[in-house]
Each structure stands twice: as structure tokens, then as C-alpha cells.
Amino acid sequence: MRVGELARRTGTTVRALRYYESAGLVVPRRLGNGYREYDPIAVRLVAQIRELMALGLTVEETRPFVESIAGGADDTDVCAAAVATYRSTITNLQERIGRLTAQRNALDARLDATATQVVPGGAGVGVDPAALVGTSLPPLSFYGTDGRPVDLGALGAGRSVIFVYPLTGRPGVDLPNGLLEVHGARGSTEQAAWFRDHHAELRSAGAARVYGLSAQSTGYQRELAHRLRLPYPLIPDPRLTLAAALRLPTRTAGDMTLYERLTLIIANGEVEHVFHPIPDPASHPLHVMRWLTKRRRAPGSVAAWTSES
């Protein structure tokens, strides 16, 4: 077969076949008129080269496998050199994985260290949450911990619950100095777990969707979502962009600026209700569920801001 036919059968390019030829892996016969002609076995040889390259081998490292097939062996009947190539490639991949993992962890650490230093602030910075009712949410785009984009300005039909919290810790990792002195810093993990345990009930009460939002990085939030097996996504806002847009209340502890705890109920793109303050984070979702249930029974009413106390 000619080179164009071989390229079609193997799903590769003529340029790649020329390269394999120059490496001495797939060699055609020269006809009297100067054309190249490939034997039918060339299809198997090219397929083997492409398969092994997809596994991480270089073109040269495919040689023992190709030569084994060209010598009449089955695909699985490989020589000792082929086995050694497998082992060498696996070792190289493990080393690369180790380096990439170390790079990822280093980047996560830098992001965690700098994320909450972007927006300066002081204790109690922000507006009275009561003033947020009726405010349209800005078109801010994020990626949730489930990997999907979230546009706060286009959440969709129905009511959305966004519970905003300061931060959560990681098992075995000390929280920054002075953090626990920030009002509302405790209880975020329990609050997230309660929203998890009663997620189906919240949906039944009228919540079309539930989100958690904090100033922590994606790395911290993904760890929490995985550890608690959350059925809803968390939204990372390390630059406190929502706080800047709505003037949400924030608190500063040392070099960290965090959200104050509050929950927004969003309907038709506007803030319909605000829960603030939230003195008991663990039981707070119960208050949200009760409010949703009452609101569903009185669809024409307009709720104003109230405290849980």
C-alpha cells in the first residue's frame, strides 16, 4: 500500500509515517518507479508505535516492541528489552508525578498564604445586611468545587441559598494565630455538614440550589467538599469580590480578611432575604428550612431582613 493509504488506515499523518521511516521502524519497499510501498504488517507496526507513545514512550523506546512484531511475534510476545522499557517508563512517570505533586502542593500553600491578603479591611467592614434586600446580584463568575462555572448574576429559576462563612480548618492543621477570636469563625464545618445532611429537605422546602462561599482557596474548599462528601458546591472567593460588590461585612484577624457569617436567599436575581447574625452555625440551616417552608406557603409575600435571635 502507498503512504496515503497507510495514513488513512492507521489514523495518522504522512509526516509521522516519514518520521517512523527515518527512525528505521516502518520501512517501505522502493518500487522501480521510485514510489514507496508498505507491506500489510505496517498497519500493525504503526498502531503499536502510536499505542505505546500514548502511554508515554518515546518513538525510540517503541523499537523493541516493533522489532518483535516485525520478527513474527504476537503483540504480547515481547522480548526482555521491551519489559525493561516498560519498567523504565513507569519509573520516569512516577518521578514526574512526584515532581508535579510537589509543585501543586507548593502552589496550594502559596495560594492559601496570600488569598486572604488581597482585600484590606477592619473589624466589621461592610454595610448593614438589612440594606441588601432587593439588591441585584452582580454578574460574578466563579468555579465551584464540582468544577462547574457559577454566575451569581444568573443562578437560574427558583430560590438559591448561599451561606457565607469565614473559613474551615483542615484536620491536623493549626488555624492562624488570632483567628478564633474573630466573631463567627467557629462552627463552619458543622454548618456545612448540616447543610449536607438536610440538603434534600432544603430542596423540598423550596431551595432550587445550595452553595457555600468563603474567602478560602479552591484547595481548602475541595478538601472540605471531599472530606464531608458535600452534595452541593462550595464557591472560592479569595479576592472577596462579592464583598466588594455588595459591601458584605468582613472581619480582619492579623493579615487575614474573612467574611462575616451570613446567608443570602436569592430569587429572580435579587436578594430576597438575609440571615444575619448567625449565633449558632450548626443549627442555622434549620432556620433556613423553616423560612423556605413559610415562604413557599405565602408566595406573594416579600420578606425583609431579620435576625435568627
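Residues numbered from 1 in each chain as written. Predicted model: local features only at pLDDT ≥ 70, side-chain atom pairs only at ≥ 80, totals over all residues. Heavy atoms only, no water.

1. Some words on helix 6 (residues 188-197)
Residues separated by three or four positions in an α-helix point in the same direction, a consequence of the helix having 3.6 residues per turn. So the rule is basically this: Classification of residues uses two cut-offs on accessible area relative to the type maximum, computed with a 1.4 Å probe and protein chains only: under 20% is buried, over 50% is exposed, and between them is partly exposed. Only DSSP runs of H or I covering at least 4 residues are called helices, and only runs of E covering at least 2 are called strands; the numbering of each starts at the N terminus. Throughout, a contact is declared for two residues whenever any of their heavy atoms are within 4.5 Å.
Buried within helix 6 are the following residues: Ser188, Gln191, Ala192, Ala193, Trp194 and Phe195. For helix 6, the secondary structure elements touched by its buried residues are strand 5 (159-164), helix 7 (199-205), strand 6 (207-214), helix 8 (218-228), strand 10 (262-267) and helix 10 (284-297).

2. A word on the environment of Ala7
When you line up the elements, Ala7 lands in helix 1 (residues 3-10). Placed 36 residues apart in sequence, Ala7 and Val43 show a C-alpha to C-alpha distance of 8.9 Å. In this view, Ala7 contacts Thr12, Thr13, Val14 and Leu17; residues no more than four positions away in its chain are not counted.

3. A word on the environment of Asn105
Structurally, Asn105 is set in helix 5 (residues 80-114). Residue Asn105 is classed as partly exposed on the basis of its relative accessible area of 39%. Between the C-alpha atoms of Asn105 and Gly219, which are 114 residues apart in sequence, the distance is 9.2 Å.

4. Looking at the pairing of strand 10
Basically, it comes down to this: Here, any two strands with at least 2 DSSP bridges between them count as paired.
With six of six residues buried, strand 10 lies mostly within the body of the structure. Here strand 10 shows a buried face lined by Leu262, Leu264 and Ile266 and a second buried face lined by Thr263, Ile265 and Ala267. Both strand 5 and strand 10 contribute to a ladder of five bridges, which runs antiparallel. Along strand 10, the bridge assignment pairs Val164 with Leu262. Taken together, the five bridges between strand 10 and strand 11 (residues 270-275) define a ladder with antiparallel strand orientation. Residue Ile266 lies in a different strand from strand 11, and its bridge partner there is Val271. Where strand 10 folds back onto strand 11 in an antiparallel hairpin, the turn is made up of two residues, including Asn268, whose phi is positive at roughly 55°.

5. Some words on the pairing of strand 6
Looking down a regular strand, the side chains alternate between one sheet face and the other. Along strand 6, seven of the eight residues are buried, which leaves the element largely enclosed by surrounding structure. Relative to strand 6, strand 5 runs parallel, the two being bridged by six bridges. Along strand 6, the bridge assignment pairs Ile162 with Tyr211.

6. Structural notes on the sheet that holds strand 5
Using the following cut-off: Orientation is described by axes fitted as lines to C-alpha atoms, over the contacting stretch for helices, and by angles from 0 to 180 degrees between their N-to-C directions.
Here we have five strands laid out as an open sheet, ordered 7-6-5-10-11, and mixed in their pairing. Lying at the two open borders of the sheet, with one neighbouring strand each, are strand 7 (234-236) and strand 11. Taken pair by pair, the neighbouring strands of this sheet meet at an average axis angle of 25°, ignoring direction. Against the sheet, helix 6 engages strand 5, strand 6 and strand 10, with an angle of about 160° to strand 5. Contacting strand 5, strand 6, strand 10 and strand 11, helix 10 crosses the sheet at an angle of about 135° to strand 11.

7. Considerations on the confidence of the model for the protein
So the rule is basically this: pLDDT gives the predictor's per-residue confidence on a scale running from 0 to 100.
Of all residues in the protein, 81% have pLDDT values of 70 or greater, and the mean over the chain is 82. Confidence, expressed as mean pLDDT per element, reaches its minimum in the protein at helix 5 with 77 and its maximum at strand 5 with 97. Low pLDDT, under 50, characterises residues 177-185; the predicted model gives this stretch 14 contacts beyond four residues in sequence or across chains. Of the regions scoring below 50 in pLDDT, residues 301-309 engages in 26 contacts with residues more than four places distant in sequence or in other chains.

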